[in-house]
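Read off the chains here:
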Amino acid sequence: MIGVIVVALACAAAAYLILKRYYAPGALLLVGCITLLVAIFVGPEPLISGKVAKTATHNQFLDIVQSVTNLFKTRAGGLGMNIMAIAGFSTYMTKLGASKAMVDACAVPLKYIKAPYLVMTIAYALGIFFNVFIPSAAGLSLLMMVAVYPVVVAAGVSRQAAAATILVGTTFALSPGGANNLLASRLLNIHVTEFWAHTQLMIALVAVPVSLLVHYFVQKWFDKKDLESGRITQADFAAVTVEDTTKEHAPAFYALFPVIPVAMLIIFSPLVYKGIRMEFVTAMLTSTFIAFVIDFLCRRNLKESVANLKAYAEGMGKVFTSTVFLIVSAEVFAAGLMKSGGIATIIDYVSHLSAGAIVMYTAMFAIVWLLSFLVGSGNAAFFSFAPLIPKAAQAVGLEPAAMLSSFQLISGCGRSSSPIAGCTIAVSGISGVEPFVLIRRSIPVMIVTGIVIYVRTLTMI
C-alpha cells in the first residue's frame, strides 16, 4: 500500500511541476530520483537488479545515480542514436530545401480543385502523409503554412479553418522514424517497421478516415456559424500570402530525398526483403550520402555541399537536448514508480477484477491524453508511461503493441488540442489566428478521433 501512495504522490508532483512550466525533462528526472530514493526504504527489491545487476555500486544511494547512468548508456547509444540520426537527416533535408520541395509539389494539384472544403480535407490528408517523412510537428507546420495554407484559404474556406487544418495535420505522426515509434519498438524488441505496419497502421486505417470526415463537417459548420454570429467576417475568407523565408529553393526532384530512408526501412525489413539487414541509423546515413552526392552534382560546389552537412550535426545535437534527454528523464521517473512496488501492487489488484484489464487500459489512455494536452507535448506524455506498458500489459493479458500504439496516437490528439503546443504556437504566429481559436476548432475533431482510436484498440488487445 505504501508503494501505491508513493506512485500517486510522484505522479502528482511531476504533473504539478510540468503544469507550472518547469523544464519537463528536469522535472521528471528530479521526481524520478526522489522516488528512487524513497524506493530504497519501501521498495521490494534493490534499485539495480536483473540484467544490469553487475553494474551496482554496492551503495544504495550511489545506485540512484548508477540507475541514471545505465539508462544514459543504453538509450544514448541505442534508441538515442536512432532519434538523433532521423533528426539530423530531417534538418539536412530542410537545409537542402528538399522538405519544402516535397510540400510544394504536393500542394500544386490543390489549386485546380474547386470544392473549398474538399481542398481543406485533402490538405489535412497531405499533412498526415508529409508527417511520415517529416517527423517534427512544429517543422512540418511551418512548411505547410508557407505552401499549403494560402492554397486552402484561396479555395474558399476561412483563415481559421485553414489554420486548424495545418494544426491537425500533425496529429498522427505515422512515421517509422518518429521518436515515439522508435521507443515503442525498442520496448517491444521488434523492428520499428513491424510495429508501424502491423499495429499502428491497423489503428490509423480506421481513425484517419473518420478524422478526415469529421474535420470536413466541423470546419464547415464553424465557418457557417461564426459567419452568422459575426465572430468572423468575409475578410477572413480573402486570399492570403505567407512570406517564404526559406533560403534554399531546391530543384523539384529533391522532393524525393525525404522518401529515401522510409523506403529503405520498409524494403529492407521483415515486411518485404530479409536478404539485406538494414539498421535504422544505416538507412539515415545512406540516405544522407545519396542526397549529398546528388546535391554536389547539382551545385558543382564541393565546399558549399560539405558545409551543408553541418545541418546534420546541428540537428543531432538539438534533438539530444530536447528528446533524448527527455526519454532518459522519463525512464528514470518510470523506474522510480516501478521500484517503489506501487505499480506491481496496482497491477496485481487490477488483474483480479473482472474488467480490470480494460479499466487499467482506459485509465492510462485517459492520463496520456490529458497530460499531452496539458503540457503541449506528445513525447513527454508518451515517454513517461511507455516503459511501464510491456510488463503491465503482460500481467493483465493485454496486447502491449496495441496499447503502445494507441497511446502514441492519442498523445498526438492531445498535442493538437493544446494551446501551448509548439505546432499550435507556430501556426498561430504565422496565420494571426489566436491559439484558443485554433483549438476551439481542433478539439471536436480530436475528441472524435480519440474515441475511435480507443474503440479500435479495444478490438485488438
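Above this text sits the structure in question.
I will try to describe carefully the structure that is included in this document. The model shown is predicted, which means the values in this text are computed figures rather than measured ones. (Residues numbered from 1 in each chain as written. Predicted model: local features only at pLDDT ≥ 70, side-chain atom pairs only at ≥ 80, totals over all residues. Heavy atoms only, no water.)

**Things to note about the overall build of the chain**
Next, step 1: Looking only at helices and strands, the chain has 21 helices and zero strands in total.
Next, step 2: The globule rule puts the C-alpha radius of gyration for 461 residues at 23 Å, and the 23 Å found for the chain is close to it.
Next, step 3: Looking at the chain residue by residue over its 461 residues, the buried ones come to 54%.
Next, step 4: Summed over its atoms, the accessible surface of the chain is roughly 19,600 Å², and 68% of this surface lies on carbon and sulfur atoms.
Next, step 5: Treating the 30 positive side-chain charges of the chain as one cloud and the 19 negative ones as another, the clouds have centres 1 Å apart. (Helix = DSSP H or I, 4+ residues; strand = E, 2+ residues; numbered from the N terminus. Rg over C-alpha atoms; globule rule 2.2 N^0.38 Å. Buried < 20%, exposed > 50% of the residue type's maximum accessible area, 1.4 Å probe, protein only. Areas by Shrake-Rupley, 256 points an atom, 1.4 Å probe, with all protein chains shown as cover. Lys, Arg positive; Asp, Glu negative; His and termini not counted. Charge placed at Lys NZ, Arg CZ, Asp CG, Glu CD.)

**Things to note about a nonpolar patch on the surface**
Next, step 1: Among the surface-exposed residues, Ile2, Leu30, Ile34, Leu37, Val38, Phe41, Val42 and Phe61 lie close enough to one another that they form a single nonpolar patch of about 730 Å² accessible area.
Next, step 2: Sorting elements by how many residues they give to the nonpolar patch places helix α2 (residues 24-42) first, with six residues.
Next, step 3: Within the element layout of this structure, phenylalanine 61 appears in helix α3 (residues 60-96).
Next, step 4: Given the relative accessible area of 47%, phenylalanine 61 is considered partly exposed. (Patch = residues over 30% accessible without salt bridge, like charges linked within 9 Å, V, L, I, M, F, W, Y side chains within 5 Å. Salt bridge = Lys/Arg side-chain N within 4 Å of Asp/Glu carboxyl O.)

**Some thoughts on the pattern of salt bridges**
Next, step 1: Counted by the stated rule, this structure contains 10 salt bridges.
Next, step 2: A salt bridge links aspartate 236 to arginine 159; the shortest N-O distance between them is 2.9 Å. In this pair, aspartate 236 sits in the loop between α10 (192-229) and α11 (259-267) while arginine 159 sits in helix α8 (residues 159-168), placing the two residues 77 residues apart along the sequence.
Next, step 3: On the basis of relative accessible area, aspartate 236 is assigned to the buried category, the value being 10%.
Next, step 4: Within this structure, Asp223, Asp226, Arg231, Arg440 and Arg441 form a network of salt bridges that share partners.

**A short note on helix α9 (residues 179-188)**
Next, step 1: Here α9 lies mainly inside the structure; eight of its 10 residues are buried.
Next, step 2: Looking at α9, one finds that the buried residues are Ala179, Asn180, Asn181, Leu182, Leu183, Ala184, Ser185 and Leu188.
Next, step 3: Positive backbone phi, approximately 60°, marks asparagine 189, located one or two places after α9.

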